[in-house]
Amino acid sequence: MGEDQTQSARFGERADGRAIRRKAPGLRRFEAPFRGRFSSFGETDARSRPRWRLAACISDELAFGRAFLFAPLAMASGAAWWFSRPVSPPFWGLLLYWAIAISAWLSQRHARPATRLPAALAAMFLSGAVVASLETLRLSTVMLDSPVTTHVTGVVDAREPTDTGWRYVVRVTATEEPVIHRPPERVTLVARGKLPPVEIGGAVSGLARLSPPSGPALPGLVDFGFLSYFDGIGAVGFFYGAPEAAVVPPPRDGFAQTAGLAASRWVERLRDSIAGRIRAVLPGESGAFANAIITGQRRAMSDATLDALRNAGLAHVIAISGLHMALAAGIFYSALRLLLTLSPKTAEAIATKKLAALTAIGAAGFYLAISGMQVSARRAFIMLAIMLAAAIADRPAISLRNVALAGLAILAVSPSEAVGPGMQMSFATTLALIAGYSLWQKRSAGAGPSVPHGLLRIIMLGVSGIILTALIGGLSTAPIAMAHFQRVAGFGLVGNLLAMPIVTFLVMPAGLVAMLAMPLNLHAPFLLVMGFGLDRVIAIAKWVDGLGGAFETGAMPRGFLLLFMAGFMLLVLLRTRLRLIGLLPMAIALALPALSRSTEGPILLVSEDGALVALVSGQSAALSKSRPPAFTFDQWHSALALKAIAPPLGSTRTTALLERADRFERLDHARIVTATDALAADLAQSRSRPGQFICTKDEWCVATFSGGAIAGSGTLSVAQIFRPALDGPACDHANIVISVYRPGFEACRSGSFLVTPALRRQTGTLRFAFLPSRDGDRVRALVSQQPGVGEIGGEDAQVDVVGHGNAESLKEGVAVARAGEGGLVAENPFYDRGEYDSHFMMARRSAVGPYEGRKSISPEGSDGVPSSMPGDGLQRAAAKKTTKGDSSSALPDGACRTTLLSITPAISSVTRPWNRHRLYDWRSESYDAPLDLPNTLNFVNGSDESGRQACPEP
């Protein structure tokens with residue numbers, strides 16, 4: 001009997017409970033757990049045994065109910081798929097497919113697993129998409145369409161101290177001077193200064209600068225507009241000066257909405273009162289830290305402390321999540337149960353375990369309310385409530401099934417969390433801990449009683465438990481942190497080993513007792529103990545940060561997180577050797593960064609506001625500003641893992657340029673001539689310093705860059721223009737022109753690619769990257785195949801290679817021969833047409849043959865469709881001294897080789913609800929059509945006297 005028990009403990013049992021007998025060690029060890037389960041199939045030969053082993057593993061997984069664990073994973077995948085679509089799928093069509101999938105699953109619920117499981121997964125996948133659509137429709141947050149300075153009046157819903165003043169969440173009731181016709185319902189406004197704050201529920205009024213929430217700083221980074229939409233925040237900004245108290249009429253909402261607002265503001269007042277008492281006892285950094293743990297108000301913490309905690313791997317301590325909720329509820333549960341067991345009669349009369357669990361749910365709910373109902377806190381509360389409910393029902397509280405139920409509940413309420421790092425890291429840690437401890441327990445049971453008893457055993461178990469928890473938690477969340485935050489705490493294990501015992505055994509118990517004693521005004525001693533522990537945690541974080549801090553990994557390649565999560569879920573959710581299959585996609589995911597960066601060439605980055613441009617090569621970057629905006633640059637620095645930064649150089653010219661001219665002033669002929677010559681001189685200087693910006697203050701920044709090791713890449717020039725009147729000359733001298741302000745036109749007729757504020761508003765940050773070039777025969781063939789092209793003759797005839805135009809006649813990749821006359825200066829409202837002169841390259845008349853529909857200085861294309869749109873006229877090939885007739889003669893054989901640039905916008909789904917405000921035009925009070933952004937830009941190698949790219953003379 002003892003031998004059978006040993007074998008059962010080490011190698012598992014049969015379905016009928018009988019111990020598995022082994023014939024011999026070695027190769028039969030892998031076969032042992034599955035022998036006897038498929039006796040009905042008879043004896044199999046050696047060739048069929050692997051198939052039965054796989055079938056046995058699958059049967060074992062299904063028998064233990066592991067298929068249910070993949071239900072929330074399928075639901076999260078459906079929600080993530082819905083959010084990632086460039087266009088919202090039709091809701092009624094989605095609902096129809098969901099109903100079909102549910103019907104198929106119900107009809108097949110008693111069928112074979114091969115039929116039942118795919119139907120169930122499809123139903124859960126579509127369920128995730130449906131709840132994501134419903135959440136978006138339910139919120140319908142109104143987002144501000146463009147930055148504006150206006151007089152805002154509203155009611156304070158919440159407030160929070162910062163290091164410079166107060167941050168208010170204001171429910172807007174009115175705007176004046178100007179009146180916003182499509183105002184956001186709720187905004188966040190910062191009031192700087194140490195004046196007394198406005199009370200929660202009080203009316204406030206003041207002149208404020210409002211802006212839409214920022215989009216991603218780079219393609220694939222955090223979209224703050226998406227987060228704000230699902231937080232119900234339509235704009236962010238600040239007050240000019242101190243806000244004033246105001247009087248607003250009572251709202252005319254329904255009873256339920258009015259009661260909900262009143263309850264919410266009462267909770268906010270309670271939360272604010274608790275935060276004030278904590279600040280009174282613990283001023284400074286420890287008080288701000290204590291408020292972050294108890295009330296969720298962490299904006300008063302200094303940047304230095306926050307950076308130290310993040311770099312030491314302790315950022316999870318300041319965000320109220322599963323750790324805090326579990327510690328608070330666990331301490332409350334254990335203390336109450338211990339208290340009840342002190343009385344034998346009480347312990348015999350009632351189920352102390354169930355009463356303590358039920359009371360702990362109430363305590364966790366109160367903690368959730370005073371913590372500000374943060375997303376991470378709501379997620380942790382749902383998970384904890386399900387586990388405590390399982391304990392009340394006499395079921396195992398900590399199990400993978402309860403985690404799956406918590407995941408389904410969270411996704412049903414807030415499916416937008418599926419694409420955020422919070423839910424991914426929280427569930428990854430929980431699943432890894434449960435799977436890791438389960439494996440540890442099995443190995444410990446198989447190893448026998450080798451651990452000593454008594455105090456030494458308790459110490460060893462405690463130390464090993466802390467080490468194992470920190471190791472498993474760090475390894476399971478590191479790839480997710482790399483994907484979302486582009487960094488990983490190199491010494492996070494050390495930081496957690498030193499700090500977490502203080503947080504667990506000193507900080508959280510003292511904080512819980514302080515909260516219980518606060519109604520009696522006896523909280524001060526316990527808060528002091530809590531502050532002492534937090535000071536030690538801050539000191540540990542700074543010490544660990546000094547060891548090396550966090551390592552910036554750079555942005556992960558596409559597919560990294562998907563591959564890692566697929567393998568990780570197989571590894572932690574399965575129980576047989578099938579889980580080892582998950583190691584393969586995890587290994588591929590971890591190898592992707594090295595493989596992708598080895599082939600990456602230089603890139604050009606343009607920020608959403610156009611104020612910052614960067615040329616990035618490897619881990620070095622040249623910037624167009626010596627003091628870049630911190631919000632954008634910090635994200636670029638982390639995502640690209642930059643190590644060397646080159647500030648812009650000043651122009652070598654000594655004469656002042658347009659010194660007294662207003663930025664938006666119309667320039668006369670003499671000043672345009674002077675500015676054009678200066679721009680050409682700076683571009684010439686930039687060619688001697690490639691990869692470096694040359695800037696003239698308040699006028700422009702120019703640079704020249706090449707593709708480096710990218711095959712066939714040429715040299716291109718970029719100009720960032722700060723004066724609208726100079727956009728025209730820049731179009732004729734640089735390949736890529738970035739207009740910081742509205743230029744008055746939408747595309748360069750000279751063939752340069754113009755990046756306007758209207759384009760950046762819809763696309764966000766733009767990323768240009770070199771691609772291997774195509775042969776010039778492709779360009780020549782496209783020109784000769786284009787119908788409707790007339791004769792081209794004379795000197796300086798122009799051929800534009802079009803990428804993705806908006807006109808119906810412009811097909812993808814088609815070359816259109818154009819005769820440009822006048823250029824953009826003739827259409828620039830900042831340039832005086834009366835002084836139009838042939839001095840400018842883009843204003844010179846081209847000697848061309850006539851073709852149908854051509855106008856000298858018209859925004860119309862050959863088919864009468866407006867061509868002044870981004871994507872129209874993206875490239876010019878100028879061929880000199882060509883003969884009339886066949887348009888293909890404009891390009892010499894083998895002489896034209898193109899330099900290709902790919903364009904990646906940070907926002908690719910401008911029609912989705914959280915981005916649709918970017919299409920709104922407040923002048924017409926309607927939504928514009930999305931602009932057509934090309935996928936690639938083509939520039940022909942060589943240069944003419946203007947400095948732009950052109951085919952060499954045949």
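Residues numbered from 1 in each chain as written. Predicted model: local features only at pLDDT ≥ 70, side-chain atom pairs only at ≥ 80, totals over all residues. Heavy atoms only, no water.

Peer 1: What's the story with the pairing of strand β5 (residues 235-239) in this structure? I'm lost.
Peer 2: Along any regular strand the residues' side chains alternate between the sheet's two faces. Inspection of the sheet shows strand β3 (residues 186-192) paired to β5 by four bridges, in the parallel sense. Each residue of the ladder has a partner; that of Val 187, found in β5, is Ala 235. Taken together, the four bridges between strand β4 (residues 203-211) and β5 define a ladder with antiparallel strand orientation. Within β5, the residue paired with Ala 208 across the bridge is Phe 239. (Pairing = 2+ DSSP bridges. Helix = DSSP H or I, 4+ residues; strand = E, 2+ residues; numbered from the N terminus.)

Peer 1: Explain the UniProt feature "transmembrane region" (unreviewed entry) in the protein chain here, please?
Peer 2: What UniProt calls "transmembrane region" (unreviewed entry) maps, in this numbering, to residues 63-83, 89-107, 314-335, 355-373, 418-440, 461-485, 555-573 and 580-596. End-to-end, the C-alpha atoms of residues 63-83 are 34 Å apart, and along that stretch the chain is 67% helix and 0% strand. Annotated as residues 461-485, this span is 100% helix and 0% strand, and its ends, taken at the C-alpha atoms, are 34 Å apart. (UniProt positions renumbered as here; feature names shortened; annotations may be inferred.)

Peer 1: What am I meant to see in unusual backbone geometry here?
Peer 2: Glu 177 connects to Pro 178 through a cis peptide bond whose omega is 0 degrees. Here Ser 140, not a glycine, exhibits a phi torsion of approximately 45 degrees, which is positive. For Ala 641, which is not a glycine, the phi torsion comes out positive at approximately 50 degrees. Topologically, Ala 641 is positioned in the loop between α23 (630-639) and β12 (644-646).

Peer 1: Where do I start with the nonpolar core in this structure?
Peer 2: Nonpolar side chains tend to gather and get buried jointly when the protein is soluble and globular. Counting residues in hydrophobic clusters, the biggest one holds 57 residues, and the most contacted among them are Phe 83 and Phe 568. The leading source of residues in this core is helix α21 (residues 560-573), at eight residues. Every residue in contact with Phe 83, bar those within four places of it in the chain, is listed here: Ala 132, Glu 135, Thr 136, Phe 226, Phe 230, Pro 415, Ser 416, Val 419, Arg 912 and Trp 914. (Core = buried A, V, L, I, M, F, W, Y, C linked by side-chain atoms within 4.5 Å. Buried < 20%, exposed > 50% of the residue type's maximum accessible area, 1.4 Å probe, protein only. Contact = heavy atoms within 4.5 Å.)

Peer 1: So what exactly am I meant to see when it comes to helix α14 (residues 352-370) here?
Peer 2: Side chains that are three or four residues apart share a direction in an α-helix, a result of its 3.6 residues per turn. With 19 residues, α14 should cover 27 Å at 1.5 Å per step; its first-to-last C-alpha distance of 27 Å lies within 8% of that length. Where α14 is concerned, the buried positions are Thr 352, Ala 356, Ala 357, Ala 360, Ile 361, Ala 364, Tyr 367, Leu 368 and Ile 370. Packed against the buried residues of α14 are α8 (255-281), α9 (285-294), α12 (322-341), α13 (344-349), α15 (375-392) and α19 (492-517). Of the residues one or two after α14, Gly 372 is the one with positive phi, at around 90 degrees. (Expected span 1.5 Å × (residues − 1).)

Peer 1: When you look at the layout of surface pockets in this model, what are you seeing that I'm missing?
Peer 2: Which parts of space are left empty comes out when a probe the size of a water molecule is rolled across the atoms. Counted as a void, the second largest pocket has a volume near 900 Å³. Together, 25 residues line the second largest pocket, and Leu 62, Ala 67, Pro 113, Arg 116 and Leu 117 are the ones closest to its centre. Split by residue class, the lining of the second largest pocket holds 19 nonpolar, two polar and four charged. (1 Å grid on protein atoms, 1.4 Å probe; cavity = no way out; pocket = protein on both sides within 12 Å on 5 of 7 lines; lining within 4 Å. Points joined across faces, edges and corners; volume = space filled by probe spheres on them. Nonpolar A, V, L, I, M, F, W, Y, C, P; charged D, E, K, R; others polar.)

Peer 1: Explain the side chain of His 484 here, please?
Peer 2: In this structure, His 484 sits in helix α18 (residues 455-485). Taking relative accessible area as the criterion, His 484 reaches 16% and is therefore assigned buried. Ignoring anything within four residues of it in the chain, the contact list for His 484 reads Val 222, Val 419, Gly 420, Pro 421, Gln 424 and Leu 561.

Peer 1: I would appreciate a short explanation of the environment of Ala 432 in the present structure.
Peer 2: Examined against the element boundaries, Ala 432 turns out to sit in helix α17 (residues 421-447). Residue Ala 432 is classed as buried on the basis of its relative accessible area, which comes to 8%. With 141 residues separating them in the primary sequence, Ala 432 and Leu 573 have C-alpha atoms 9.0 Å apart. Excluding residues within four positions of it along the chain, Ala 432 makes contact with Ile 472, Ser 476, Phe 568 and Val 572.

Peer 1: Would you mind going over the pattern of salt bridges with me for this structure?
Peer 2: A pair can form between side chains of opposite charge whenever their charged atoms are brought close. For the structure on display, the rule yields 15 salt bridges. Ionic pairing is found between Asp 307 and Arg 310, a salt bridge with its closest N-O pair at 3.3 Å. One end of the pair, Asp 307, and the other, Arg 310, are both in helix α10 (residues 303-311), three residues apart, so they sit about a helical turn from each other. For Asp 307, a relative accessible area of 38% translates into the label partly exposed. The shortest N-O distance in the salt bridge between Asp 921 and Arg 923 comes to 3.6 Å. According to the relative accessible area criterion, Arg 923 is exposed, its value standing at 53%. What emerges from the salt-bridge pattern is a single network uniting Asp 157, Arg 171, Glu 185, Arg 186 and Arg 265. (Salt bridge = Lys/Arg side-chain N within 4 Å of Asp/Glu carboxyl O.)

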